[in-house]
Amino acid sequence: MPGLPVDLDACIERLYKRELLAEPVIEAICAKTKELLMRESNVVHILSPVTVVGDIHGQFYDLLEIFRIGGFCPDTNYLFLGDYVDRGLFSVETISLLVCLKLRYPNRVHLIRGNHESRGVTQSYGFYTECARKYGSANVWHHFTDMFDFLTLSVVINNDIFCVHGGLSPSIHSIDQIKIIDRFREIPHEGPMADLVWSDPDAERDEFALSPRGAGYTFGAQVVKKFLEINNFSHILRAHQLCQEGYQVLYDDRLSTVWSAPNYCYRCGNLASVLEVDDAGSRFFNVFDQAPENADNRVDQQPIEKQQVEYFL
Amino acid sequence: MTSMPPPPPAFSAVAREVQAVMPTAVDAGKSITVSGFKITTRKLPILNAQEIDAMTEKLGIAPPEMIFGNNIVSIEKVGADGGAVAENPWKIEFNALDALDLVDKTGNDMLKVAYSSAWQKQREKMHEGIKEVVKPFDWTYSTNYQGSITPGAKPFEPTEDQIPLDKLRRQDPILFFDDVMLYEDELADNGMSILSVKIRVMPARLLLLARFYMRLDDVVFRIRDTRVFVEFAEGLVLREYQEREDSYDNVRQKIPPYRDDIPAIMRDPNQMAEYLPLRSVTVEKVVL
């Protein structure tokens, strides 16, 4: 990569072994990634074959398991749907590796923004704490979260499959309306950008409905049908929701949820999947269980697995 | 110029073998019988789509995103042979379905996320057509669940007795310990809501703590604790229920600002309990 004062292949090799990169290296890599992402549209068009990955949430060994199952970069093209950090034990290693792969193979690796790629959310759900613990300061967290502001919001595969982290927005009928969003910012609480990373399908309904929380939408069958018709797509592919089976297909095969963090939080016991879109555009869910190393790491990671006895009162 | 991609890493075969001997987060259940009481815990995966549909129908509300609907913790009076007692059976069980059935489903106790009014205002300008609200319910899943008791069993009665903390502070050997999740929800990134049950069984007594913890960012902190204490020799069961709650701002002021791990503290109900004032406490008793 021109202008990058680090050896990306060496970084990737270290990261595969779960070794951390030095803070100045992270800073340089994030700066370069920003330059690269800045040139991407809010709607990136790509062609199959591509393997689509849902939420990972810092479950680094399960990301390696995905590569073992689906193929390593650049032999396999990857589209990641966001939520790389928070919750799991290795958010820093996970996002470091994904960013290095993006820089090394910019046309073979695509990263979409999830609701956890945000300053506010990562302060509450673990990534901030992990950065501070592993690097002794919040600098690395600042580098990564500044870079998150540049991640794209959506990808279209073969001009046919619309991919986003959360779902649809009542402000968006045509993808042209996504293209004009000013995305280079923290994820706002409201508006189309929030909806894209946030909303959930509701199979019981036809239209948009308000969440009982007082903010956010769910979208129903007719909304999906209309969106696909207007844009001449056949399918919506999103992540964002945990499912025990690793995936869920709704609305007569018009929408899929793909979830890629097996045994979420090291205790949910769920399966995970990646969705493989082949040359012809056919979709296939490759389902997998948690990586064997997770059990290994449980031994020295007491905060997650409090298996030892405790004199609680 | 293109250089060769880095080779895929080598993975040790050792790691694969480790899994076989390590306990997994999920187990099919375990139990112990001590002095006429049988304690059982079960930890299974979260519910699948079909089970979630069935639970949604039973409850009338959507369950939390991490729903451990097949997990249980139970304490049962048993006979000398370890089997169920023929007369006056008594059992207390903690499970997610019964806990969630006590969540307000009318929408009367509804909290709103901190930025709700700003969000609504913005929204009304743009999408006046969308009026339908997904059936209102207490989406923080706050429950005052104190366990499910066998129908017809000898009832608890109010008492002045207290759970004897001195006996529980002693480092008696722990014969059986478990920590079982019933449900958890991130409140769509606005905080967290979690109900879990811990139990420790010593030679002469046991303590169970079912703790509900809820943090709604910039709004409120809430803890609801149910403790069940059993003194085996006396057949004495004490159940204590406590509510702790305060506004987000009040609680934040009590956390020493020099602590740089505040986000981690706010995720840990055990550390947060000391910052939340006690609002109510009741103790009940039954002698079996």
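This write-up is about the structure you can find in this document.

What counts as what
- Residues numbered from 1 in each chain as written.
- Chains lettered and ligands numbered in written order.
- Predicted model: local features only at pLDDT ≥ 70, side-chain atom pairs only at ≥ 80, totals over all residues.
- Heavy atoms only, no water.
- Helix = DSSP H or I, 4+ residues; strand = E, 2+ residues; numbered from the N terminus.
- Rg over C-alpha atoms; globule rule 2.2 N^0.38 Å.
- Contact = heavy atoms within 4.5 Å.
- Areas by Shrake-Rupley, 256 points an atom, 1.4 Å probe, with all protein chains shown as cover.
- Lys, Arg positive; Asp, Glu negative; His and termini not counted.
- Charge placed at Lys NZ, Arg CZ, Asp CG, Glu CD.
- Buried < 20%, exposed > 50% of the residue type's maximum accessible area, 1.4 Å probe, protein only.
- Core = buried A, V, L, I, M, F, W, Y, C linked by side-chain atoms within 4.5 Å.
- Pairing = 2+ DSSP bridges.

1. Quick look at the overall build of chain A
So, step 1. Along the backbone of chain A there are 11 helices and 14 strands.
So, step 2. The C-alpha atoms of chain A give a radius of gyration of 19 Å, which matches the 20 Å a tight globule of 313 residues would have.
So, step 3. For the C-alpha atoms alone, the extent of chain A along its principal axes is close to 55 × 50 × 35 Å.
So, step 4. Long-range pairs, those at least 24 residues apart, make up 71% of the contacts in chain A with a sequence separation of at least 6.
So, step 5. Surface accessibility of chain A: about 10600 Å² in total, with carbon and sulfur atoms responsible for 48%.
So, step 6. Of the side chains in chain A, 28 bear a positive and 43 a negative charge, and the two mean positions are spaced by 3 Å.

2. Some points on the overall build of chain B
So, step 1. What chain B contains, in helices and strands, is eight helices and 13 strands.
So, step 2. Of all 288 residues assigned to chain B, the portion counted as buried reaches 51%.
So, step 3. Expressed as a percentage of contacts within chain B between residues at least 6 apart in sequence, the contacts between residues at least 24 apart total 66%.
So, step 4. Total accessible area on chain B stands at roughly 13600 Å², and carbon and sulfur atoms take up 51% of it.

3. A word on the nonpolar core
So, step 1. Judged by nonpolar contacts, the single largest core of 57 residues is most densely connected at F67, F80 and L97 of chain A.
So, step 2. Sorting elements by how many residues they give to this core places helix α4 (residues 91-104) of chain A first, with eight residues.
So, step 3. When sequence neighbours within four positions are dropped, the list of residues in contact with F67 of chain A reads Y16, F72, C73, Y78, F80, L97 and L101 of chain A.
So, step 4. One finds F94, V113, V197 and A210 of chain B within the second-largest nonpolar core, a separate group that totals 47 residues.

4. Thoughts on the sheet that holds strand β11 (residues 220-231) of chain B
So, step 1. Within the open sheet, the eight strands sit side by side as β3-β8-β9-β10-β11-β12-β13-β7 (chain B). Their pairing is antiparallel. Edge positions in the open sheet fall to β3 (66-67) and β7 (157-158) of chain B, since each of these has one partner strand only.

5. Thoughts on helix α3 (residues 60-70) of chain A
All names here are of chain A.
So, step 1. With nine of its 11 residues buried, α3 lies for the most part within the structure.
So, step 2. Of the positions making up α3, those classed as buried are F60, Y61, D62, L63, L64, E65, I66, F67 and G70.
So, step 3. G71 occupies a position one or two residues after α3 and carries a positive phi of about 105 degrees.

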